[in-house]
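# Descriptive structure summary
Chain residues, written in single-letter form:
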Number of protein chains: 2
Amino acid sequence: MPFYIGLVHYPVYNKQGEVIVSAITNLDLHDLARLSRTYGAERFYVVNPLIDQQDLARRIQGHWVGGHGAGYNKDRSEAMSLISVVSRLDEALTEIKGREGTAPILIATDARDDRRETVSYPFVREIVASRRATMILFGTGWGIAEELIRDADYLLDPIMGASEYNHLSVRTAAAITLDRLCSQN
Amino acid sequence: MPFYIGLVHYPVYNKQGEVIVSAITNLDLHDLARLSRTYGAERFYVVNPLIDQQDLARRIQGHWVGGHGAGYNKDRSEAMSLISVVSRLDEALTEIKGREGTAPILIATDARDDRRETVSYPFVREIVASRRATMILFGTGWGIAEELIRDADYLLDPIMGASEYNHLSVRTAAAITLDRLCSQN
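Residues numbered from 1 in each chain as written. Chains lettered and ligands numbered in written order. Predicted model: local features only at pLDDT ≥ 70, side-chain atom pairs only at ≥ 80, totals over all residues. Heavy atoms only, no water.

Next up on the list: the overall build of chain A. Within chain A, the secondary structure is distributed over 8 helices and 8 strands. A globule of 185 residues ought to have a C-alpha radius of gyration of about 16 Å, and chain A, at 16 Å, matches this closely. The principal-axis extent of the C-alpha atoms belonging to chain A is close to 45 × 40 × 35 Å. Intrachain contacts of chain A at a sequence separation of at least 6 include 80% that bridge at least 24 residues. A total accessible area of about 7,900 Å² is found for chain A, and carbon and sulfur atoms account for 49% of it. (Helix = DSSP H or I, 4+ residues; strand = E, 2+ residues; numbered from the N terminus. Rg over C-alpha atoms; globule rule 2.2 N^0.38 Å. Contact = heavy atoms within 4.5 Å. Areas by Shrake-Rupley, 256 points an atom, 1.4 Å probe, with all protein chains shown as cover.)

Rendered as structure tokens:
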């Protein structure tokens, strides 16, 4: 039941398939924080190894949680307070293990389906609904790099809409994924 | 089966509940265009009565469809080409009627549920799957104004995640709505 989400900025691919650190996008933090609050995530981990990028993420969060934004929009403040900025995924996993007593089941997402065996939404929905803690990872840039996908317990099916085209933003892909996995109705 | 989406910038509410024209957000156009292409929408109408805002939307679209962006990212170009910028919703409805031979069934969306009777996702999914053309409207700012909601044939249930909190961005709300109404799986 307790689930966590992670937005990975490293290791991810760029358009050329090279492993890079991607930059923080302001609206990614807002949209995924609001999704986290809406669907009941315990924490939303922003994974980025660059100190200046971590500072940026914390500044954005600070504005809405403790700064002017908090007075302006209480709902936003509630959502943004779920953000935890970490250098590496391992830090998040250690923190979650500390809270839950066990490492979370790690579920990676990706738009491609040619990387390894994938599992269905109903299958992962059952896992999320179980007592075990789970963590769902979303990639920025051109997707989470192989080396991290390999470490995950499961890789979710890519989102298919009504055609073979599935080039969604991480914001909208995360929305669809969380709705399929965690919605009440 | 043929369905259209509209992103309404007027008439919408601001935080104080006043009817305003909201500004174009670059990432709204990208995210909703990519969703439109993914879920098979015929056109994505950006409704804004301000000429400079229309110009902005057309400039963004032009960059990706005919400009440098088209060479950089063909998938994006394909999605952005679905955008039509109109001053008023009526223009979109007239255009759709010209294409489809009949006005579309108009479905409004809103985060609140205290405005009028709402209909379920399975109900609207049936309508979208039927032969009649449909148009799904998403509001920017603090939601579509009453005067336009009243003109719609149906108002969809608000999206509920796992709590009473449902303050999503229009990008993520549109993603969840289209997935619930138009996904294959």
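Turning chain B through 180° and shifting it by 0.0 Å along the axis lays it on chain A, with an RMSD of 0.0 Å. The superposition of one copy onto the other is thereby described by a two-fold rotation axis. When the interface residues of chain B are mapped onto chain A, 100% of them again fall at the interface, so both copies present the same face. (Least-squares fit on C-alpha atoms with pLDDT ≥ 70 in both.)

On to the environment of Ile5(B). All names here are of chain B. Residue position: Ile5 is located in strand β1 (residues 3-8). Residue classification places Ile5 among the buried residues on the basis of a relative accessible area of 0%. Considered as a pair, Ile5 and Gly62 are 57 residues apart in the sequence and their alpha carbons are 20 Å apart. Excluding residues that lie within four positions of it along the chain, Ile5 makes contacts with Leu32, Ser36, Ala41, Arg43, Phe44, Tyr45, Met135, Ile136, Phe138 and Leu178. (Buried < 20%, exposed > 50% of the residue type's maximum accessible area, 1.4 Å probe, protein only.)

Turning our attention to the pattern of salt bridges. Residue and element names in this part refer to chain A. For the structure shown, the criterion picks out 18 salt bridges over all chains. Here Glu78 makes a salt bridge to Arg37, at a shortest N to O gap of 2.6 Å. Residue Glu78 is found in helix α4 (residues 74-80), and its partner Arg37 is found in helix α1 (residues 26-39); the two are separated by 41 residues along the sequence. Of the residues examined, Glu78 reaches a relative accessible area of 26% and is grouped as partly exposed. (Salt bridge = Lys/Arg side-chain N within 4 Å of Asp/Glu carboxyl O.)

On to the packing of helix α6 (residues 121-129) of chain A against helix α8 (residues 170-182) of chain A. Residues and elements named next belong to chain A. It is the contact of α6 with α8, at a shortest axis distance of 8 Å, that shows an interaxial angle of 65°. Judged on the interaxial angle alone, α8 and α6 are roughly perpendicular. On the side of α6, the interface is formed by Tyr121, Val124, Arg125 and Val128, while α8 contributes Thr177, Asp179, Arg180, Leu181 and Cys182. (Axes fitted to C-alpha atoms, helices over the stretch in contact; angles between N-to-C directions. Parallel < 35°, antiparallel > 145°, perpendicular 65-115°, else oblique.)

So, about the packing of α1(A) against α8(A). All names here are of chain A. Remark: α1 packs on α8, axes separated minimally by 10 Å, with the N-to-C direction vectors making an angle of 10°. For the element pair α1 / α8, the angle class is roughly parallel. Touching Leu27, Asp28, Asp31, Leu32, Leu35 and Tyr39 of α1 are Val170, Arg171, Ala174, Ala175, Leu178, Asp179 and Cys182, all from α8. Tallied by class, residues from the contact of α1 with α8 come to 9 nonpolar, no polar and 4 charged. (Nonpolar A, V, L, I, M, F, W, Y, C, P; charged D, E, K, R; others polar.)

Residues and elements named next belong to chain A. One open sheet accounts for 6 strands, arranged β5-β4-β1-β7-β6-β8; its pairing is parallel. Both outer strands of the open sheet, β5 (83-86) and β8 (154-155), are each paired with one neighbouring strand and no more. Packing against the sheet, α8 makes contact with β1 (3-8) and β7 (134-139), and its axis sits at approximately 155° to β7. (Pairing = 2+ DSSP bridges.)

Residue and element names in this part refer to chain B. Relative to the 20 Å expected for 14 residues at 1.5 Å per residue, helix α1 (residues 26-39) spans 20 Å between its end C-alpha atoms, a close match to the ideal helical length. The element α1 is extensively covered by neighbouring structure, given that 12 of its 14 residues are classed as buried. Every buried residue belonging to α1 is among Asp28, Leu29, His30, Asp31, Leu32, Ala33, Arg34, Leu35, Ser36, Arg37, Thr38 and Tyr39, and all of these are buried. One or two positions beyond α1, positive phi appears at Gly40, with a value near 85°. (Expected span 1.5 Å × (residues − 1).)

Once that is clear, we can look at the interface of chain B and chain A. Taken together, the contact between chain B and chain A spans 38 residues of the former and 38 residues of the latter. Of all residues in chain B, Arg34(B), Thr38(B) and Tyr165(B) give up the largest surface area on contact with chain A, accounting jointly for 19% of the area buried on that side. Summed over the shared surface of chain B and chain A, the result is 6 salt bridges. We note a salt bridge from Glu164(A) to Arg37(B), for which the minimum N-O separation is 3.7 Å. Elements with a minimum of two residues in the side of chain B that touches chain A: α1, α4 (74-80) and α8 (170-182) of chain B. (Buried area = accessible area lost by both parts, 1.4 Å probe.)

In this structure the tally under the stated criterion is 4 aromatic pairs over all chains. Measuring from ring centre to ring centre gives 5.2 Å for Phe123(B) and Tyr154(B), while their planes differ by 75°; the resulting arrangement is edge-to-face. With Phe123(B) in helix α6 (residues 121-129) and Tyr154(B) in strand β8 (residues 154-155), the pair connects residues that are 31 residues apart, well separated along the chain. Among the residues examined, Tyr154(B) registers a relative accessible area of 27% and is labelled partly exposed. Over the face of the ring belonging to Tyr72(A) we find Lys15(B), whose NZ or CZ atom lies 4.8 Å from the ring centre. For Arg76(B), the ring lying beneath its charged end belongs to Trp64(B), and the centroid distance is 5.4 Å. (Phe/Tyr/Trp six-rings, centres within 6.5 Å; stacked < 30°, edge-to-face > 60°. Lys NZ or Arg CZ within 6 Å of the ring centre and 35° of its normal.)

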